[in-house]
Amino acid sequence: MSREDFLENIRNSTKLNHFANLVHLAAIDGEIKPIEEKLLKQFSRKFDVSKENYDRILENPASFPVHAINLKTQRLEFLFDLLRIIYVDNEMEEAEEFLVKKYAVGLGFSEHQSLAIINKSKTLFENKFSFDFYSHFIESDKY
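In this report, the structure presented in the accompanying data block is examined. Predicted model only: the values in this text are computed from it and were never measured.

**Things to note about the pattern of salt bridges**
A side chain with one charge can pair with a side chain of the opposite charge if their charged atoms come near. If you walk through the whole model with that rule in mind, you get nine salt bridges. We note a salt bridge from aspartate 48 to lysine 15, for which the minimum N-O separation is 3.8 Å. Pair noted here: aspartate 48 is in the loop between α2 (34-46) and α3 (51-59) and lysine 15 is in helix α1 (residues 3-26), with a separation of 33 residues, a long-range link. Linking lysine 51 and aspartate 55 is a salt bridge whose minimum nitrogen-to-oxygen distance equals 3.0 Å. Taken together, the positions of lysine 51 and aspartate 55, both in helix α3 and four residues apart, correspond to about one turn of that helix. Residue class for aspartate 55 comes out partly exposed when judged on its relative accessible area of 30%. Each of the salt bridges in this network shares a partner with another, and the network as a whole consists of Lys46, Glu77 and Asp81.

Right, dumping it as structure tokens:
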């Protein structure tokens, strides 16, 4: 296996695990609502998740590990995806907040960074924002 093939396998595995974590968050309240399912299907296309893997993940999303991500922008993008799933019903429940904080640390943010990002995100996600706006907001010291 070439180095390029190896790196591609890691990228695919990371995307699959990230998608599984999105499903886990969507199902944390006991069921995946139709609006959450619609967003999950969009993410499955974004991350090239096959129908077979989609079904397998729906069966047991918690069985997929969280991988640390080296690129800060990619960590923020993955966190942004999770927050979109959480806020699809316009609220963050206690279990969702607990899980997203753990996920942020799993992605490679420190506990302090995770708390700051989640607190800023809670302010933002009362409305809909683009990833570029979100990334700029998180990076700023203004709030």
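**What about the packing of helix α6 (residues 111-124) against helix α7 (residues 131-139)?**
In the contact formed by α6 and α7, the axes pass within 10 Å of each other and the chain directions differ by 130°. Looking at the two axes, α6 sits oblique to α7. Between α6 and α7 the crossing geometry is right-handed. Contacts from Ile117, Lys120, Ser121 and Leu124 in α6 reach Phe133, Tyr134, Phe137 and Ile138 in α7. For the contact of α6 with α7, a count of residues per class yields six nonpolar, one polar and one charged.

The rules behind each value
Residues numbered from 1 in each chain as written. Predicted model: local features only at pLDDT ≥ 70, side-chain atom pairs only at ≥ 80, totals over all residues. Heavy atoms only, no water. Salt bridge = Lys/Arg side-chain N within 4 Å of Asp/Glu carboxyl O. Helix = DSSP H or I, 4+ residues; strand = E, 2+ residues; numbered from the N terminus. Buried < 20%, exposed > 50% of the residue type's maximum accessible area, 1.4 Å probe, protein only. Axes fitted to C-alpha atoms, helices over the stretch in contact; angles between N-to-C directions. Parallel < 35°, antiparallel > 145°, perpendicular 65-115°, else oblique. Left-handed = near helix turned anticlockwise from the far one by under 90°. Contact = heavy atoms within 4.5 Å. Nonpolar A, V, L, I, M, F, W, Y, C, P; charged D, E, K, R; others polar.

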